[in-house]
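# Inside the fold
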Amino acid sequence: QVQLQESGPGLVKASETLSLTCTVSGGSISASGYYWAWIRQPPGKGLEWIESIYYSGSTYYNPSLKSRVSISAHWSKDEFSLRLTSVTAADTAIYYCARCGDGPRDFDIWGQGTMVTVSS
Amino acid sequence: QSALTQPASVSGSPGQSITISCTGTSSDVGGYNYVSWYQQHPGKVPKLLIYGVGNRPSGVSNRFSGSKSGSTASLTISGLQAEDEADYYCGSYTRSVTWVFGGGTKVTVL
């Protein structure tokens, strides 16, 4: 079955750039009909959708983060990545990658999440 | 885009039914049947509970049901059990080809 795994640094300095990668196994991110997404959850708070990339390569961003984020895919490796610039303490969160089906538009498979702390 | 509105907490006794509301706008909840619900136990990964307003993925108990009226979606948990104590989030696809979540509801089993 499809599994997702996040990887990247757990500690990032304020004003620097956060980069995370999600590796997909048991399936291909090029398979038609799926979006691949990044979602985050600050400690003790709710979920926030960050961005998504469609199997066609189209990208979509949360308007509140659009000026600082980007998503890209390494199609042959079945990996996609998050890049968040000029981080602050407010970006401290668990970052999840997730799969979203084109039909139901829900997040049906999630990675385990990776905690990222922004230090001053 | 604004987060969907959920009550901060809902509680009930074992065996009772509870309902969690999720209010959006005509640009998200009211405009599409793409409302989903997620259950998250402390320290765990969110789990898809309901998709497409009222559909359950395979393996999800039929004690969980979803519905929608206008721009407000609802999740009902019937026959409340101790294991249902968790945080619940609604989510919706939006007209702008983005996604938005609710602030989350903490369910307490008394």
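Bear in mind that the values here come from a model prediction, so they are computed numbers and not experimental data.

## A few points about the pattern of salt bridges
Residues and elements named next belong to chain A.
- Tallied over the entire structure, the rule returns six salt bridges over all chains.
- The partner of R40 in a salt bridge is D91, with the nearest N and O atoms 2.8 Å apart. Pair noted here: R40 is in strand β4 (residues 34–41) and D91 is in the loop between β8 (79–84) and β9 (93–101), with a separation of 51 residues, a long-range link. Considered together, R40 and D91 belong to a single accessibility category, that of buried residues.

## Considering the side chain of T105 of chain B
All names here are of chain B.
- Within the secondary structure layout, T105 lies in strand β9 (residues 105–109).
- Judged by its relative accessible area of 1%, T105 is buried.
- Within the structure, T105 has its side chain in polar contact with the side chain of Q6 (distance 3.0 Å).
- A polar contact of 2.5 Å, which involves the side chain of T105, links it to the backbone oxygen of P7.
- If we ignore the near neighbours within four places in the chain, the residues touching T105 are Q6, P7, A8, S9, V10, I20, A86, D87 and Y88.

## Structural notes on the environment of A90 of chain A
- The residue A90 of chain A is located in the loop between β8 and β9 in this model.
- When the C-alpha positions of A90 of chain A and E79 of chain A are compared, they lie 26 Å apart, and in sequence the two are 11 residues distant.

## A few points about the sheet that holds strand β5 (residues 64–69) of chain B
All names here are of chain B.
- Strand order in the open sheet formed by three strands is β2-β6-β5, with antiparallel pairing between adjacent strands. Strands with a single pairing partner mark the edges of an open sheet, and in this sheet they are β2 (18–23) and β5. The mean inter-strand angle of the sheet, taken between neighbouring strand axes irrespective of direction, is 20°.
- Here six bridges tie β5 to strand β6 (residues 72–77), and the two strands are oriented antiparallel to one another. Bridge pairing links S69 to T72 in β6.

## Thoughts on the layout of surface pockets
- Quantified by volume, the largest pocket comes out at close to 260 Å³.
- As for the largest pocket, its lining consists of 19 residues, of which G46, L47, E48 and W49 of chain A together with A3 of chain B are closest to the centre.
- Secondary-structure elements contributing two or more residues to the lining of the largest pocket are β5 (48–54) of chain A together with β8 (99–101) of chain B.
- The dominant element in the lining of the largest pocket, judged by the number of residues it contributes, is β8 of chain B, at three residues.

About the thresholds
- Residues numbered from 1 in each chain as written.
- Chains lettered and ligands numbered in written order.
- Predicted model: local features only at pLDDT ≥ 70, side-chain atom pairs only at ≥ 80, totals over all residues.
- Heavy atoms only, no water.
- Salt bridge = Lys/Arg side-chain N within 4 Å of Asp/Glu carboxyl O.
- Helix = DSSP H or I, 4+ residues; strand = E, 2+ residues; numbered from the N terminus.
- Buried < 20%, exposed > 50% of the residue type's maximum accessible area, 1.4 Å probe, protein only.
- Polar contact = N/O pair within 3.5 Å; in protein donor to acceptor, adjacent residues only side chain to side chain.
- Contact = heavy atoms within 4.5 Å.
- Pairing = 2+ DSSP bridges.
- Axes fitted to C-alpha atoms, helices over the stretch in contact; angles between N-to-C directions.
- 1 Å grid on protein atoms, 1.4 Å probe; cavity = no way out; pocket = protein on both sides within 12 Å on 5 of 7 lines; lining within 4 Å.
- Points joined across faces, edges and corners; volume = space filled by probe spheres on them.

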